[in-house]
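Examination of the molecular architecture
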Amino acid sequence: MRRKIFKNRSGFVNFQRPLLLVALFLCLSCSKKDKLENLQEIKEETTVRKTKATAITDLNEQNANKNWKWDDPALTTVKLYFKPKINNQPSPSIERPLPWFIAGNPINNSDKDYRSELGWVLYLKDFGTPDRPAQTPFFALYNRYSGVLRFFVYNYRTQDLNEGSKTYYIGKLSYTDPDKHNGTLSFLAPPEQFVVDKENKNTSLISITKKTASDIWMNFDFLLAKPAELAELPAESVNLNLNIFGANETELNLGSDFSNITAKSVIGGAGTTSDFSKFINGGVEYTTSGGALLESINKLQTLTATKVQSKADLSVKAGNGLETPKVRAAIPVATIAAAVSVVKGVFGFVKSFVGGSKSGTNTQSSLQYNGIVNTTGTAILSNNLYNIQFSLDNRSPISPSYYIPLYEYPIGILRALPPISDTYGTGIYFEENQYYCGKPMPMDVLKQATYAIKRTAMQNIYRDFTNEYRGLEPYIRLDSINLTLINRKYSGDGVLPNSFEYFPKGSTPIEPRNFDVMNEFTFPDSRNSGWRQYYPFTQLGQEYFYVKKWYYPNSQFAFNIFNDPYQFHKPSLGIYIKFTITDPNYPNNESRERVIFKVVDLYRSTKQNLNIRGCPVTDYN
């Protein structure tokens, strides 16, 4: 090494002899002892051997124990191993309290919203071992009742490397390989992306927490969908990446709407003026479970007109069992304001909702502000602190590159739909039929239009709640699945045509009142078509499930349906599910009743049948 250095200097002197003289002068001023010390330092550096952190590859180590009792009251601290092994010496341990025993962590409160009796199960864990230090100590819990995956990540950069704390910590959950996506990140995405082949492969879920008194553990919540179930399982399982960034106040402009955001914000959405609203691509898609459904409805009444749009709008009963005009907008439509005071902005059309039908207690109110961002968007986060990669399939082969779940069932609150095709039934089928009935007006000659889905389209959603091999059946009871058509004109997706434009307007000489009754008082300005009960099962013995039938004069033609190649006039499908937690160990009776609501856009097919002799079938069973 020394001869090589000298040779290089000799070449250098040919060009810069004066500099060599200066260098020689400096060397002469050094003592022999200094030279020996420098050589010793170099020697020590070349002999140090450090291990490289990997994921779990030994299924017998303690981190692979799926029976770890994280919520044992006697367990208050854990040992973490993340410092590298040096010269084959074991990694030293660091003992730290669990998050719920740390003052200032948002999980440390009277709710104790981490206990197994509340539906939490262990999903991932890596605290490292003396022989295999963890790259990032963390663990993750999953809640079977809410679909929330909750990460607790140890912030060793501030605790052990003396790096400064950040004001905000941002968790971004994305597909490791965007070309291998399965709908897991689609629950909060726009309605058309809940169908797996329409899912934006670059979509990520974003969770932001603001530092309070402590940032020893960083908490991140992500609300997931169950992966779409295909006819053939993919050859390789789908992996997700959790990337954690840090940002200070000056680096992340949250805007005035978010001036009071804390780590326990309980509602999703974006301000309309802040740069951050662009970051999360609008972020008005849903209200999280922190604001109970009925509470949100009550807030709604002070901000919207109380006009009842149609009898169909009244067909869903409130959580207390009382049918009232005040609940008409709770499930499918209308403008909803923030259900809590943390966020003061106004929120748009609710397309996705998970929460309690009566109470928000322990329905997994988000620990952070949640939203959606496209990785191809304008936001740039450069301060990447930690990265965790994991598979979604516990049957995946062991790899040092990613973690394998300890939980054996698919996770997510609602099953994403498979690709749109007749094979899977994931389309919405429109049919216009002309009948020569021969009865007195208006039943002499008339048209019946129907919107239907194939029953197979919903079968995996139903089975997730009732099949004992899918992880929910022993703990919950499925109460109902109801479907409706959503008028996209009022959906908040910009200026869209009226999906119900050719509905009879009612009470005109051409459109007698008889049609109003037959159409269940659904009109062109109705927000939805009325709720139809899919489960408990109705319309049995039929391939198609009819979501809506309506009637209009023979002279009318659904022109905007049959001449709409871009499907601007198609309605969306609203899915409304109610279930009850039946687990006797669940401690909060007021929040046993749960609600899931999701709006989905499906491809529409069209068909017309003319000159049918006979009368239409007007009932649904």
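Check the entry above for the structure.
All of these numbers come straight from a predicted model, not from anything done at the bench. (Residues numbered from 1 in each chain as written. Predicted model: local features only at pLDDT ≥ 70, side-chain atom pairs only at ≥ 80, totals over all residues. Heavy atoms only, no water.)

Moving on to the overall build of the protein chain. Scanning the protein chain from terminus to terminus reveals nine helices and 23 strands. Out of the 621 residues belonging to the protein chain, those deemed buried represent 54%. (Helix = DSSP H or I, 4+ residues; strand = E, 2+ residues; numbered from the N terminus. Buried < 20%, exposed > 50% of the residue type's maximum accessible area, 1.4 Å probe, protein only.)

To continue, consider the pairing of strand β8 (residues 217-223). Across the seven residues of β8, seven count as buried, placing the element largely inside the fold. Neither face of β8 is exposed, since Trp217, Asn219, Asp221 and Leu223 on one face and Met218, Phe220 and Phe222 on the opposite face are all buried. Relative to β8, strand β5 (residues 148-154) runs antiparallel, the two being bridged by seven bridges. Along β8, the bridge assignment pairs Arg150 with Asp221. (Pairing = 2+ DSSP bridges.)

All right, on to the sheet that holds β8 then. With respect to topology, four strands assemble into an open sheet ordered β3-β4-β5-β8, the strand pairing being antiparallel. Of all the strands in the sheet, the pair left with one neighbour each is β3 (120-126) and β8. Taking each pair of neighbouring strands and ignoring which way they run, the sheet shows an average axis angle of 20°. In the sheet, β3 pairs with strand β4 (residues 138-143) via six bridges, with the strands oriented antiparallel. (Axes fitted to C-alpha atoms, helices over the stretch in contact; angles between N-to-C directions.)

What follows is about the state of the cysteines. Summed over the entire model, instances satisfying the criterion amount to one disulfide. What pairs with Cys437 in a disulfide is Cys615, and their sulfur atoms sit 1.7 Å apart. Taking the torsion about the sulfur-sulfur bond, which here is approximately 90°, the covalent link between Cys437 and Cys615 counts as right-handed. With Cys437 in the loop between β16 (427-436) and β17 (445-454) and Cys615 in the segment after β23 (603-613), this pair connects stretches of sequence that are 178 residues apart. (Disulfide = S-S within 2.5 Å.)

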